[in-house]
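Chains, contacts and geometry: an overview
As a plain string of letters, each chain reads:
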Amino acid sequence: MRRGIAATALVAALGVTLAACGGSDSGSDGGSKSSGELSGTVTWWDTSTVGSEDKVFKKLAEDFTKKHPKVTVKYVNVPFGEAQNKFKNAAQSGSGAPDVIRSEVAWTPEFADLGYLAPLDGTAALKDQGDFLEQAAASTKYNGKTYAVPQVIDSMGVFYNKKIFKEAGVEVPKNIAELKTVSATIKEKTGKTGLYLRGDDPYWFLSFLYGEGGDLVDAENKTVTFDNEAGVKAFKTVKDLVDSKAAITDATNGWDNMQAAFKDGKVAMMINGPWAVADTYAGKEFADKANLGIAPVPAGSAGQGAPQGGHNLAVYAGSKNLDASYAFAEYMTSAESQATIAQQLSLLPTRQSAYLQKDVAKSEMIGFFKPVVDKAVERPWIPEGGSLFEPVKVEYTKVLTGQTTPEQGAKAVGDAYRKLLKDWK
Amino acid sequence: MAVDTPSQSMAKAAGDVARGRSRGTGPKRRAPKRSLATHWYAWAMVAPVVIVITVIIGYPLVRGIYLSLTDATERNVARTIGVNEIPASYEFVGLDNYKDALTGSQFLSTLGWTVVWTVSCVAITFALGLVFANILNRKFAGRSVYRMLLILPWAIPGFVSVFAWRFLYDERRGMLNQILTGAGLDGVPWLNDPTWAKFAVIAVNVWLGVPFMMVALLGGLQSIPGELYEAAEMDGASAWQRFRHITMPGLRSVSTTVILLSTIWTFNMFPVIFLLTGGGPGEATQILVTQAYKFSFEISPRDFAQSSTWGVLILVLLMIFAAIYQRVLRKQGEAW
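Since the model is a prediction, treat every value here as computed from it, not as a measurement.

Below, the discussion takes up the overall build of chain B. A tally of helices and strands in chain B yields 13 helices and two strands. Scored against the burial criterion, the 336 residues of chain B give a buried share of 30%. The long-range fraction of contacts in chain B, counting pairs at least 24 apart against all pairs at least 6 apart in sequence, stands at 65%.

It is worth spelling out the nonpolar core at this point. Membership of the largest hydrophobic core comes to 81 residues, with the highest contact counts inside it found for Leu195(A), Tyr196(A), Val267(A) and Met270(A). Per element, the largest residue contribution to this core is six residues, and it comes from helix α10 (residues 229–243) of chain A. The contact partners of Met270(A), leaving out residues within four places of it in the chain, are Phe159(A), Leu195(A), Tyr196(A), Met258(A) and Phe262(A). Residues Trp165(B), Leu208(B), Ala284(B) and Trp310(B) belong to the second largest nonpolar core, which totals 49 residues.

Turning next to helix α11 (residues 254–263) of chain A. All names here are of chain A. Burial in α11 covers these residues: Asn257, Met258, Ala261, Phe262 and Lys263. Elements in contact with the buried residues of α11: β7 (157–161), β8 (193–196), β12 (267–272) and α12 (277–281). Of the residues flanking the end of α11, it is Gly265, one or two places downstream, whose phi is positive at about 70 degrees.

Moving on: the interface of chain B and chain A. On the chain A side, the residues contacting the 54 residues of chain B number 42 residues. Secondary structure elements with two or more residues in the side of chain B that touches chain A: α2 (32–67), β1 (79–81), β2 (84–86), α10 (239–267), α12 (288–298) and α13 (304–331) of chain B. Broken down by element, the residue count for the side of chain B that touches chain A peaks at eleven residues, all from α13(B). Its residues assigned to classes, the side of chain B that touches chain A comprises 27 nonpolar, 16 polar and eleven charged.

What follows covers helix α19 (residues 406–420) of chain A. All names here are of chain A. Between its first and last C-alpha, α19 extends 21 Å over 15 residues, near the 21 Å set by a 1.5 Å rise per residue. Among the residues making up α19, those that are buried are Gly409, Ala410, Val413, Gly414, Ala416 and Tyr417. Along α19, the residues classed as buried sweep out an arc of 160 degrees about the axis, all on the same side. On its buried face, α19 sits against β9 (217–218), β10 (223–224), α10 and α18 (389–400).

Further remarks concern the sheet that holds strand β3 (residues 100–104) of chain A. Residues and elements named next belong to chain A. Spatial strand order, β2-β1-β3-β14-β6-β15: six strands in an open sheet with mixed pairing. Where the open sheet ends on each side, the last strands, each with one partner, are β2 (71–77) and β15 (348–349). Helix-sheet contacts for helix α13 (residues 322–332) involve β1 (40–46), β2, β3, β6 (148–154) and β14 (309–315), and the interaxial angle to β14 is about 155 degrees.

Reading the values: the criteria
- Residues numbered from 1 in each chain as written.
- Chains lettered and ligands numbered in written order.
- Predicted model: local features only at pLDDT ≥ 70, side-chain atom pairs only at ≥ 80, totals over all residues.
- Helix = DSSP H or I, 4+ residues; strand = E, 2+ residues; numbered from the N terminus.
- Buried ≥ 20, exposed ≤ 12 C-beta atoms within 10 Å, placed from the backbone.
- Contact = placed C-beta atoms within 7 Å.
- Core = buried A, V, L, I, M, F, W, Y, C linked by C-beta atoms within 7 Å.
- Nonpolar A, V, L, I, M, F, W, Y, C, P; charged D, E, K, R; others polar.
- Expected span 1.5 Å × (residues − 1).
- Arc of directions from axis to C-beta.
- Pairing = 2+ DSSP bridges.
- Axes fitted to C-alpha atoms, helices over the stretch in contact; angles between N-to-C directions.

That's the geometry; what it means functionally is another story.
See below:
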């Protein structure tokens, strides 16, 4: 028995230990500026898509050393889905955190609130602030200070396979009702499915919620709005799309399955953002880039809208090489760097001046997305912004797999929000 | 070994002396000082182990229990970022966390599925392990090859096989559904339907667990003297009677141990659930440990207090189980 107790205690203790561990290896070399010249190492955590975007970012980041030969840039690609937690682990334990992180717009106020980010006002990181798009700059501010530099801005649209649409003889759907009839025609004429609906990430659900006139929360009036009628209707809409076979979905591994299904021409449409363009062009259906069409997200019963997203570059407050990190953040968000990224990856610049450059102005993807971004729905820039998705994720998947009704799902999300946001209505 | 080297026999003698003394002194214990003086080398020998166990088990355990009595989250624990030092500001809340966990529906519903998961996994694994062990416990051509093949799932690192299964289960690109559609059947939403997902995770865990059961039970089978079977055969016992009255009692001591171990392992089988479904779809396959992990690492702000509370409850549940199990065995006359 003694062994039994020891084993029990050991196993359970490991469970308890989960709460007390964290941290990883590697840190930043100390560096300082001697006589004004930057030196040392800057570690940058990038979250771009591996296989398509990462190469461009890596090259761009390493070119920083051309300007500052004594600085070494250490490029690390962290998968987007893990980066938020990984950074929090490292930042909290104080070891293994990068100097600069590519922080999604919703993470930025959260990291700043936890004290992990260095305020950038008055540092070399912010140059020409008036040049930034107002929408992009909004997510970098917290409590009156600036904690990040906007790197790219994005929104979402419908990606469609022109060949399949031509074969079925249909036009791009403008609203949900058309989406259903178009999908039915595509199925009938080509045997293919209309839409891939990403079912494991609530970000892809937002345009349906906005379409019904809803939102996660109303930050201005400190009110939880998810569990009102619009939220219920949005849940009903997505459930109906899946039930009527207009869309297919997955409860796990959604990104890979979505990209694979669309790139292989198994589905005619997906809702996605500019970050997916480079990866989509790599698919066999899009060897001819002209086959990829793009259109605004379908409207719901109360309007049409897609979320405004994007990424910022933030500097870790515990960085041992703050000066070089500031300079690096500035370099990566300069108009030239943004133009390079826009040209090669179709990601949208956050600087107005970058849009004026010839190559950027010519790009079809950027030409499409810029007006979409201008009209995109701004998300609440509150410290809890990054926490709002987990409750939706659980209920969204439950609704899609029939484990709960849209009404109960919306209510559960609302309850979770009220627990998270103390004293909100 | 036939020949004792001098040093070995000396060590043996010393050990005998030590044991003899401590046993032979009757009910009254010796003064600790004296015992320390006599057995200092023994203490010195175990010291590293004691220290390591205190550090890697004792401290986290005590800390976890302490955190479960507070309202610690990511926002109020102490942290040092560069030059900023943010002090801890969480408070002691007594047993509130336990009250919330035990009166809320989430813990109990997760516990319900965890129990179903554990019982079905252990029962199926044990039954299959017993069948395979019996098959392999006789002489036939290629026996060692079969043994090796059946051990294979155990030899592959757990996460590798779980990832392999994830690819197999994929609804549209996975091999299982391609075989099904090839045979003219409908594909199965292995990981996309709550019921199928439950079935899928149990199947993978059984696949991973059978080799251990088989090897342990095979060892048990080989320790049963062949004369018993011969004698039973002479008396005209049928195959079933031989299995029922010789094999089963003979396996008793082995099977009680492996069932206990397997129960504890399965109850806390993190990788299979986490890597295969991540607890999904929704929370259909979330067991207690994966949910505790989620509290502390996946949600934000991270809820360290609630996570520790669940961790302590898991510990308590497993200890209660072990205690009951032992009592039942003792009643049946098993000294263990």
